[in-house]
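# Tertiary structure, described
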Amino acid sequence: MTGAHQDGPELAAAVLAATTGGQLDSTLGEILRAAVSHVDAAYGALGILSCDGARLERFVVEGMTEETHERIGRLPTGQGVLSVLVSEPSELRLDDLTAHPAHRGFPEGHPPMHSFLGVPVRVGDTVFGHLYLTEKRTGSGFTEADAEIARALAAVAGLAIDNARLLERAERRRAWAQAGTETSNALLSGVEPDQVLDTAAGRLAELCGAEIAAVLVPMPGDDDSLWVEAAVGPSASDTEGVRIPLVGGRLWEAHRTGVPALLSDFALDVPEGYPPGLLGDISGDYGPAVLIPVGGPPAQGTIALARRRESGTFPPDVLELASAFAGQATVALELVRSQERERRLQRQADRERIARDLHDHVVQRIFATALAVDRIARSLESEAPEVAARLAERVDELDGTIARIRTSIFELQHEDTASGGVRARLAEVVRSVVDGHGLHPDLRVAGEVEDLPADLVPDLVAAVRELVTNVLRHAGASRVTISVTATDALRARVTDDGGGLPAITVRSGLANLADRAARRGGRLAVDSGPSGTDVEWSVPLPGTPPG
């Protein structure tokens, strides 16, 4: 009795397994056993292609004992005759496999094989792999009837693989969405963004099968470089802290635009100038890579994932998943930044209100009291000089108290210098210029100065320093008001109550400020008179026309 007559139940079991969505390995095993038995072959195999169709990533075998497997060692990867089917997925029927021009011989311990039948496993135009049947037990070659059965079972295998990959994609999407939600929740709960991205990098590496992952962040004060803030994978400790110059290529483009990128081979994209280290390793042992910028543009951080070349390319939908993750994390980062700006502005408003109350009520009352006591002291100088002297001492103490309160007012109006923000830098530079010279400063900052472009901040600080220094040197003023606003343009306005600029003075500092402003499409305006000087340094902000 032939296998074709006795294996109807086995064939039915294979079809049932494929249509009920069971475990893929067991389903393919059922199909393969049915194929081997139904065409009366000694051996059979199912070779499953990688997602890019370039190589065999899985090989299911039927008919060989465990001892034979151990003797052969590594399973086929798509060489010899198998490579013909991988490159040209079509049916191949041979009476003698060893006579084919592509045959490269068998490894040691491999059983002899002659007759061969190879059929593509496909659904529509998509090829998932091949069904291989060898060594017809009758000693003859495989027949057209055998090929017809093999084609039918290959179609069933294709259906099973297609269903399994659909489930894998659905699970992968769910896992990426969960990773995006966890990352967003961590950001919104107050965890530091760098720490969140470090955790996300390891999670994403697991999700897409990357061997290495790194978080690349901008270097402070250096717009032309990134540095490896954290790394996961081989030699991670050696790659952390490596400086990565942005000298062109897809990494530079992803960082600048905030758009994720999928690279088939990073080595083909690495420009000259990259140092040894993580990305140097990518250009050697590693090839496929995914770049996921978060925040921006430009990106606040970029997660780089990479695989070894022998591991194959990333799944084709990884770029779409990466884009969704990046979008979700970017929205969370922007919300965090918005909340931080709101808190900062609220704190500043509270500080300014307290400072205003101190100035308008406390200082004025103490000043009035000091004047009254001073008048009394002067009236007693001839009649009671000792009492007048003691009262004069109290007046001096009140003047000292007023000075200390004014210092507190100045500090209240500005962020804590430990924050290192723009307000803090402006407050520190004003303090450093006027400290100990009896010039009372009033610094007022409005608008989103903390969000100024990094390359504009040094010019602003230099302008404020030079303008306040000019007042101290030339104006003979007792008070100076510094107003910095960032709305449609960045303006630094300095006014004083002095006697105006002298007729002859060295004005190279003002000339330098005028040149700084002109280079950015701005200007320096000076209005000086006997009642004081008003100087405004202004430049347009990015995205606004010069004014």
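Below is a summary of the structure that appears in this document. Everything quoted here is computed from the prediction, not taken from an experiment. (Residues numbered from 1 in each chain as written. Predicted model: local features only at pLDDT ≥ 70, side-chain atom pairs only at ≥ 80, totals over all residues. Heavy atoms only, no water.)

## Quick notes on the side chain of Thr-134
As for its position among the elements, Thr-134 is in strand S5 (residues 126-136). According to the relative accessible area criterion, Thr-134 is buried, its value standing at 7%. (Helix = DSSP H or I, 4+ residues; strand = E, 2+ residues; numbered from the N terminus. Buried < 20%, exposed > 50% of the residue type's maximum accessible area, 1.4 Å probe, protein only.)

## Comments concerning the pattern of salt bridges
Opposite charge on two side chains lets them pair, provided their charged atoms get close. In the structure shown here, the tally under the stated rule is 21 salt bridges. For Asp-40, the salt bridge identified is with Arg-137, shortest N-O distance 3.8 Å. Taken together, the residues span a long stretch of sequence, with Asp-40 in the loop between helix H3 (24-38) and strand S1 (41-49) and Arg-137 in the loop between S5 and helix H6 (144-188) at a distance of 97 residues. Taking the shortest distance from any N to any O, the salt bridge between Arg-174 and Glu-171 comes out at 2.6 Å. (Salt bridge = Lys/Arg side-chain N within 4 Å of Asp/Glu carboxyl O.)

## A closer look at helix H14 (residues 457-475)
An ideal rise of 1.5 Å per residue puts 27 Å on 19 residues; H14 measures up with 26 Å between its terminal C-alpha atoms. Two residues or fewer past H14, Gly-476 is found with a positive phi of approximately 65°. (Expected span 1.5 Å × (residues − 1).)

## Quick notes on the sheet that holds strand S14 (residues 489-496)
One open sheet accounts for five strands, arranged S12-S13-S14-S16-S15; its pairing is mixed. Both edges of this open sheet fall to strand S12 (440-447) and strand S15 (523-529), since each of them pairs with a single strand only. Between one strand axis and the next, the sheet turns by 10° as a mean value, whatever way the strands run. The sheet contact formed by S14 and strand S16 (residues 532-540) spans seven bridges and is antiparallel. If you follow Ala-489 over to S16, its bridge partner there is Pro-540. Contacting strand S13 (479-486), S14 and S16, H14 runs over the sheet at an angle of about 10° to S14. (Pairing = 2+ DSSP bridges. Axes fitted to C-alpha atoms, helices over the stretch in contact; angles between N-to-C directions. Contact = heavy atoms within 4.5 Å.)

## Some remarks on the packing of aromatic side chains
Summed over all chains, the structure comprises three aromatic pairs. Measuring from ring centre to ring centre gives 5.9 Å for Phe-59 and Tyr-132, while their planes differ by 25°; the resulting arrangement is stacked. Of this pair, Phe-59 sits in strand S2 (residues 56-62) while Tyr-132 is found in strand S5, placing the two residues 73 residues apart along the sequence. With respect to burial, Phe-59 and Tyr-132 carry one shared label: buried. With a centroid separation of 6.4 Å and an interplanar angle of 85°, the aromatic rings of Trp-176 and Phe-325 are classed as edge-to-face. Of this pair, Trp-176 sits in helix H6 while Phe-325 sits in helix H11 (residues 318-379), placing them 149 residues apart in sequence. Comparing Trp-176 with Phe-325, the two get one shared label, buried. One aromatic cluster is present, built from ring pairs that chain together Phe-59, Phe-116 and Tyr-132. (Phe/Tyr/Trp six-rings, centres within 6.5 Å; stacked < 30°, edge-to-face > 60°.)

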